[in-house]
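Coordinate inspection notes
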Amino acid sequence: MRMKVLIINGSPRSHGNTAAALDEMKKVFTAKGVEFEEVHVGQLELHSCISCGSCSKTGKCVFDDEVNKTAPLLEECDGVVIGSPVHFAQAPGALTSFVSRLFYSTWAVDKTMKVGASVVCARRGGCSATFDELNKYFTISNMPIASSQYWNSIHGREKGEADMDEEGKQTMRTLARNMTFLMKSIALGKEKFGLPETEEHAWTHFIR
């Protein structure tokens, strides 16, 4: 059963501790025959969403950059991994700008039952806050979240320190195995039962 994962690395360091965490997941994906494609956005100069509404008419972001290049990968994947360092107990601005525009501008892409997983890396604190921040992209999109044996975090400040966090690395490998299981189980479920039925969206604006 062919599965494909989109990996988004939001660290400004190409081979830093966030990459080390994602590398542990890649080892499992490779062993399980799961294809993956990685987009590294941490060093890109990215616009934030300007709420122009252009994507509702054109189906793509008004800023024609890495967001629009990544949109087809999001459409064809079975799961999404977002990896992030922790800056002031939150994800870096470049990453949140990218993911916010990617998810919003692809409103026509049905993300239902694509499996999401966020991975965070910090020297010490702020992992839980960043983890919660990134998971919200999934929970608003009908995407189930893969879990692990611990919160999906790894620790390290200087390059290479995450490689010494054995518990963190094991958490990443467990996450990748669980994510693979979920993606394959959902694929089988879709074959037998299809996607969950939907209702016309109800909007609560309290306009009188």
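Counting restarts for each chain, with residues numbered from 1 along the sequence as it is written. This being a predicted model, a pLDDT of at least 70 is required before a residue's local features are given, and a value of 80 or more before pairs of side-chain atoms are given or counted; all residues contribute to the totals for chains, interfaces and linings. Only hydrogens and water are removed before side-chain values are computed, so all heavy atoms of the structure are retained for them.

**Some words on the overall build of the protein**
Secondary structure follows DSSP: runs of H or I at least 4 residues long count as helices, runs of E at least 2 residues long count as strands, and numbering of each begins at the N terminus. Scanning the protein from N- to C-terminus turns up six helices and five strands. Counting helices and strands in the order they occur from the N terminus, the protein gives β-α-β-α-α-β-α-β-α-β-α. Relative to the compact-globule value of 17 Å for 208 residues, the protein shows a C-alpha radius of gyration of 17 Å, a close match. Expressed as lengths along the three principal axes of its C-alpha atoms, the size of the protein is roughly 55 × 40 × 35 Å. Only protein chains enter the accessibility calculation, which uses a 1.4 Å probe. A residue is then buried if its area is under 20% of the maximum for its type, exposed if over 50%, and partly exposed in between. The buried share of the protein, reckoned over its 208 residues, is 48%. Only the C-alpha atoms count toward the radius of gyration. The rule for a globule is 2.2 Å times the residue count to the power 0.38.

**Points about the environment of Pro85**
Within the secondary structure, Pro85 is located in strand β3 (residues 79-85). By relative accessible area, Pro85 is classed as buried at 10%. The spatial distance from the C-alpha of Pro85 to the C-alpha of Cys121 is 4.7 Å, given a sequence separation of 36 residues.

**Here we look at helix α3 (residues 66-76)**
Taken as a whole, α3 has its buried residues at Val67, Asn68, Thr70, Ala71, Leu73 and Leu74. Two residues form a contact once any of their heavy atoms are found within 4.5 Å. Buried residues in α3 make contact with β1 (3-9), β2 (34-40), β3 and α4 (93-105).

**Regarding the nonpolar core**
In a soluble, globular protein the nonpolar side chains are often hidden away together inside. We define the nonpolar core as a collection of buried residues of types Ala, Val, Leu, Ile, Met, Phe, Trp, Tyr and Cys that are connected through side-chain atoms lying within 4.5 Å of one another. In this structure, Ile8, Val80, Ile82, Leu95, Phe98 and Leu102 are the most contacted members of the largest nonpolar core, which totals 29 residues. Mapped by element, the contributors of at least two residues to this core are β1, α3, β3, α4, β4 (115-122) and α5 (127-139). If you look at the next biggest cluster of nonpolar residues, it comprises 25 residues, including Val28, Leu175, Ala176 and Met183.

**Observations regarding the packing of helix α1 (residues 17-31) against helix α6 (residues 166-193)**
Each packed pair of helices is defined by two parameters, the angle between the axes and the distance between the axes. For the pair α1 and α6, interaxial distance at closest approach is 8 Å and the crossing angle is 40°. If you check the angle between α1 and α6, you find them oblique. With respect to the hand of their crossing, α1 and α6 are arranged in right-handed fashion. Contact with α1, carried on its side by Ala21, Glu24, Met25, Val28 and Phe29, involves Lys169, Met172, Arg173, Leu175, Ala176, Arg177, Met179 and Thr180 of α6 and no other residues of that element. Nonpolar residues are Ala, Val, Leu, Ile, Met, Phe, Trp, Tyr, Cys and Pro. Charged residues are Asp, Glu, Lys and Arg, and all others, Gly as well, are polar. Counted by class, the contact of α1 with α6 contains eight nonpolar, one polar and four charged residues. Here, axes are lines fitted to C-alpha atoms. For helices the fit covers the stretch in contact, and angles between N-to-C directions go from 0 to 180 degrees. The scheme is simple: roughly parallel for angles under 35 degrees, roughly antiparallel for over 145, roughly perpendicular for 65 to 115, oblique for anything else. In this scheme, a crossing is called left-handed if the near helix is turned counterclockwise away from the far one by less than a right angle; it is called right-handed if the turn is clockwise.

**So, the pairing of β2**
Relative to β2, β1 is paired through seven bridges, and the arrangement is parallel. In the strand pairing of β2, Val5 is matched with Phe36. The β-α-β motif built from β1, the intervening α1 and the parallel element β2 has right-handed crossover chirality. The pairing criterion for strands is at least two bridges between them, as found by DSSP. Place the viewer so that the strands point away; then a crossover is right-handed whenever the path from the first strand over the helix to the second strand goes clockwise.

**What to know about the sheet that holds β1**
Taken in spatial order, the five strands line up as β2-β1-β3-β4-β5 in an open sheet, and their pairing is parallel. Of all the strands in the sheet, the pair left with one neighbour each is β2 and β5 (153-155). Strand-to-strand twist across the sheet, computed as the mean angle between neighbouring axes with direction ignored, equals 20°. Taken together, the three bridges between β4 and β5 define a ladder with parallel strand orientation. Residue pairing for β5: Ala122 is matched across the bridge by His155. Along the sheet, α6 makes contact with β1, β2, β3, β4 and β5, crossing β4 at roughly 170°.

**Quick look at the packing of aromatic side chains**
Centres within 6.5 Å make a pair out of two Phe, Tyr or Trp rings, where for Trp the six-membered ring is used; the pair is then stacked when the planes are under 30 degrees apart, edge-to-face when over 60, and tilted otherwise. Under the criterion given, the structure shown has four aromatic pairs. Geometrically, the ring pair formed by Tyr150 and Trp151 is edge-to-face, given 5.1 Å between the ring centres and 70° between the ring planes. Classification of Tyr150 by relative accessible area gives partly exposed; the value is 43%. A residue is classified by how much of its surface remains accessible, and Trp151, at 51% relative accessible area, is exposed.

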